[in-house]
Amino acid sequence: MRYFEGTTEFYSEVPTAVTLGKFDGLHRGHQKLIRCVKAQKVSGLAGTVFVIAPQGSGRLLTKTEKRKCLEEMGIDLLIDCPFIPEILSMEPEQFVSKILVEKLKAKYVVVGTDFRFGYRRSGDAWLLKALQEKYGIRVEIIEKECRGSREISSTYIREAMQAGEMGLVSELLGYPYSVAGTVQHGKQLGRRIGMPTVNLVPEQDKLLPPNGVYYTGVKSEGRYYHGITNIGCKPTVDGSFIGVETYLYDFDGNLYGKDITVELLAFRRPEMKFSSVEELKAQMERDIQAGKEYFREW
């Protein structure tokens, strides 16, 4: 997959099928658009995703994760366009002619019904469709994906995550919400009390659910483990933020320096502060046992 980030010097050497938007999370609605783009590859069009979104924290997918996901989905060209005046000040038709036609050689464009583009978001999906004949682009407008009567959106997913409803989050995304990173050395308290854990610190712009304990699935080096994970800090020990700490079932090895992905499957309990390490150990034992029962029925 070819990738352009933070530059207006992007281009395509071949005709493309393009979808545009923020693509925060690559949820089921986004996947619907991407399937439309990929379907055009049989006509010789390069599958292209054009992302234009402001920078900021609290991303459902970091740039690294998004790039990896889209590559795995079979996208040929990813444009992570800078959120700058040169792009934002373009009138809608100028965006079509300069960006879609000249730079990307677009022959097919698919967007959702709520798509907006151009200066002050003055262009919409219907204007884009009205311009298709003039610029030789076939435009398709796709209805939003829904769960019941509610449209699936990043806002909906964030609400579910804030409530700790990780099952609903997974349903809306179409895959388990995960946190990835490299295993780092911690204070090794878990090892000292007979419950060793692996620690990782997620990227700064990664959105995390409420601090607490979660039932998790962990991918590492082509293998999959069940686990139980604490997100947040260790208030009983020192209260400093450490990120994501996971106890792995049926694992006896060393993952220091290895890349892992922790899938957050279900919320177990809020993070708590205990009066002693012994009390913490007793609660961890209860959590581990609860995890065994959870995965027995999983």
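Note that this is a predicted model, so its numbers are computed, not measured.

A. Just the overall build of the protein, in detail. Summing up its helical and strand segments, the protein has 10 helices and 16 strands in all. Along the three orthogonal principal directions, the C-alpha set of the protein runs to about 75 × 40 × 35 Å. In the protein, which comprises 298 residues, the proportion classed as buried is 49%. At a minimum sequence separation of 6, the contacts of the protein that also span at least 24 residues come to 73%.

B. A look at the nonpolar core. Grouped together as the largest cluster of nonpolar side chains are 28 residues, with contacts concentrated most on Met161, Met166, Val169, Tyr177, Ile260 and Leu264. At the level of elements, helix H7 (154-162), helix H8 (166-173), strand E12 (198-200), strand E13 (212-220), strand E14 (223-233), strand E15 (241-248) and strand E16 (259-270) are the ones that each hand at least two residues to this core. Top element by residues in this core is H8. It accounts for five residues. Ignoring anything within four residues of it in the chain, the contact list for Met161 reads Leu60, Met166, Val169, Tyr177, Leu207, Leu208, Pro209 and Pro210. Membership of the second largest hydrophobic core comes to 26 residues, among which are Phe10, Leu100, Ala125 and Leu128.

C. Molecular detail of the pattern of salt bridges. Per the stated rule, a full pass over the model turns up 18 salt bridges. Among the salt bridges present, the one from Lys98 reaches Glu102, with a minimum N-O distance of 3.6 Å. With Lys98 and Glu102 both in helix H4 (residues 92-103) and four residues apart, this pair spans about one turn of that helix. Taking the relative accessible area as the measure of exposure, Lys98 reaches 36% and is therefore partly exposed. A salt bridge links Asp124 to Arg116, with the shortest nitrogen-to-oxygen separation between them at 4.0 Å. Connected through shared salt-bridge partners, Glu5, Lys63 and Asp80 make up one network.

D. Expanded view of the pairing of E14. Counting buried positions along E14 yields eight of 11 residues, so the element is predominantly enclosed. In this structure, E13 lies alongside E14, joined through nine bridges in antiparallel fashion. Looking at the pairing, Tyr214 lines up with Thr229 of E14. Linkage of E13 to E14, two consecutive antiparallel strands, is achieved through a turn of two residues, within which Glu221 is found at a positive phi near 50°.

E. Representation of unusual backbone geometry within the structure. Positive phi outside glycine occurs at Leu26, with the angle close to 50°. Its relative accessible area of 1% is what places Leu26 among the buried residues. Residue Arg121 is not a glycine yet carries a positive backbone phi of 55°. Relative to the helices and strands, Arg121 is located in the loop between strand E6 (116-117) and strand E7 (123-124).

F. How the structure looks around the state of the cysteines. Here the structure, examined in full by the defined rule, presents zero disulfides. Take Cys69: it sits in no disulfide, and the sulfur closest to it among the cysteines is that of Cys36, at 19 Å. By relative accessible area, which is 22% here, Cys69 ends up partly exposed. Here Cys146 stays unpaired: no disulfide links it, and the sulfur of Cys36, its closest cysteine neighbor, is 15 Å away. A relative accessible area of 35% means that Cys146 is categorised as partly exposed.

G. Up close: the environment of Tyr3. With respect to the helices and strands, the residue Tyr3 is situated in strand E1 (residues 2-5). Residues Tyr3 and Arg67, spaced 64 residues apart in sequence, show a C-alpha to C-alpha distance of 8.2 Å. Beyond its immediate sequence surroundings of up to four residues, Tyr3 is in contact with Arg67, Leu78 and Asp80. A polar side-chain atom of Tyr3 sits 3.4 Å from a polar atom in the side chain of Glu5.

H. Structural detail: H7. All buried positions along H7 are accounted for by Ser154, Tyr156, Ile157, Ala160 and Met161. All buried residues of H7 lie within an arc of 160° about the axis, which places them on one face of the element. Looking at the packing, one finds that the buried side of H7 touches helix H1 (28-39), strand E9 (146-147), strand E10 (150-151) and H8.

About the thresholds
- Residues numbered from 1 in each chain as written.
- Predicted model: local features only at pLDDT ≥ 70, side-chain atom pairs only at ≥ 80, totals over all residues.
- Heavy atoms only, no water.
- Helix = DSSP H or I, 4+ residues; strand = E, 2+ residues; numbered from the N terminus.
- Buried < 20%, exposed > 50% of the residue type's maximum accessible area, 1.4 Å probe, protein only.
- Contact = heavy atoms within 4.5 Å.
- Core = buried A, V, L, I, M, F, W, Y, C linked by side-chain atoms within 4.5 Å.
- Salt bridge = Lys/Arg side-chain N within 4 Å of Asp/Glu carboxyl O.
- Pairing = 2+ DSSP bridges.
- Disulfide = S-S within 2.5 Å.
- Polar contact = N/O pair within 3.5 Å; in protein donor to acceptor, adjacent residues only side chain to side chain.
- Arc of directions from axis to C-beta.

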